[in-house]
Amino acid sequence: MPTVWVLHPVREDISAAAQHGTVRYIVDADVEGRNGRYVYGDELTEDGLLPVEVTKRLREAAINFEDHDLLLIAGDHLQLVQMTYFLTLQWSQFKVLRYDRDAKGYWPAVISS
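None of the values given here were measured: they were computed from a predicted structure. (Residues numbered from 1 in each chain as written. Predicted model: local features only at pLDDT ≥ 70, side-chain atom pairs only at ≥ 80, totals over all residues. Heavy atoms only, no water.)

## Overview of the pattern of salt bridges
Per the stated rule, a full pass over the model turns up one salt bridge. Between R57 and E53 there is a salt bridge, with its nearest N and O atoms 3.7 Å apart. One end of the pair is R57 and the other is E53, both in helix α1 (residues 52–64) and four residues apart, which spans about a single turn. (Salt bridge = Lys/Arg side-chain N within 4 Å of Asp/Glu carboxyl O. Helix = DSSP H or I, 4+ residues; strand = E, 2+ residues; numbered from the N terminus.)

In structure tokens form, the structure reads like this:
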């Protein structure tokens, strides 16, 4: 069964994403005291980078991402862009899940690098 990779816990109900695979959080509630949320501007490094622990988790998830897995488009945009970058280094294309309001559910799409 595919894994649906989710950046971190979000307020929105993402239970419908489980129809596409096993939901797995990348940065969960117990990472180095972080609460698995958006990274705020004052948490970025002096160079404007994501905190090292978050980047490490994203990189590990990209390494463990398999060709049938999906990345859920939800959560912190900066982390989503970083994860997308890591995935394009590893794969020529990969799948994402995006929410469609009209269909009231998640639909897969392919991102090609």
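## Looking at the packing of aromatic side chains
Both the distance between ring centres and the angle between the ring planes are used here to describe each pair of aromatic rings. A complete count under the given rule lists three aromatic pairs for this structure. With a centroid separation of 5.8 Å and 50° between ring planes, the pair formed by Y85 and F86 is classed as tilted. Take Y85: its relative accessible area is 46%, and that puts it in the partly exposed class. Assessed through its relative accessible area of 7%, F86 is described here as buried. An angle of 70° between the planes, with centres 5.2 Å apart, marks the rings of Y99 and Y106 as edge-to-face. (Phe/Tyr/Trp six-rings, centres within 6.5 Å; stacked < 30°, edge-to-face > 60°. Buried < 20%, exposed > 50% of the residue type's maximum accessible area, 1.4 Å probe, protein only.)

## Notes on the side chain of T3
By secondary structure assignment, the location of T3 is in strand β1 (residues 3–6). A relative accessible area of 17% means that T3 is categorised as buried. Once you skip the residues sitting within four places of it in the chain, T3 turns out to touch T22, R24, D69 and L70. (Contact = heavy atoms within 4.5 Å.)

## Looking at the confidence of the model for the protein
With 93% of its residues at a pLDDT of 70 or more, the protein shows a mean pLDDT of 90. Across the protein, strand β3 (residues 70–72) holds the top mean pLDDT of 98, while α1 sits lowest at 93. (pLDDT = per-residue confidence, 0-100.)

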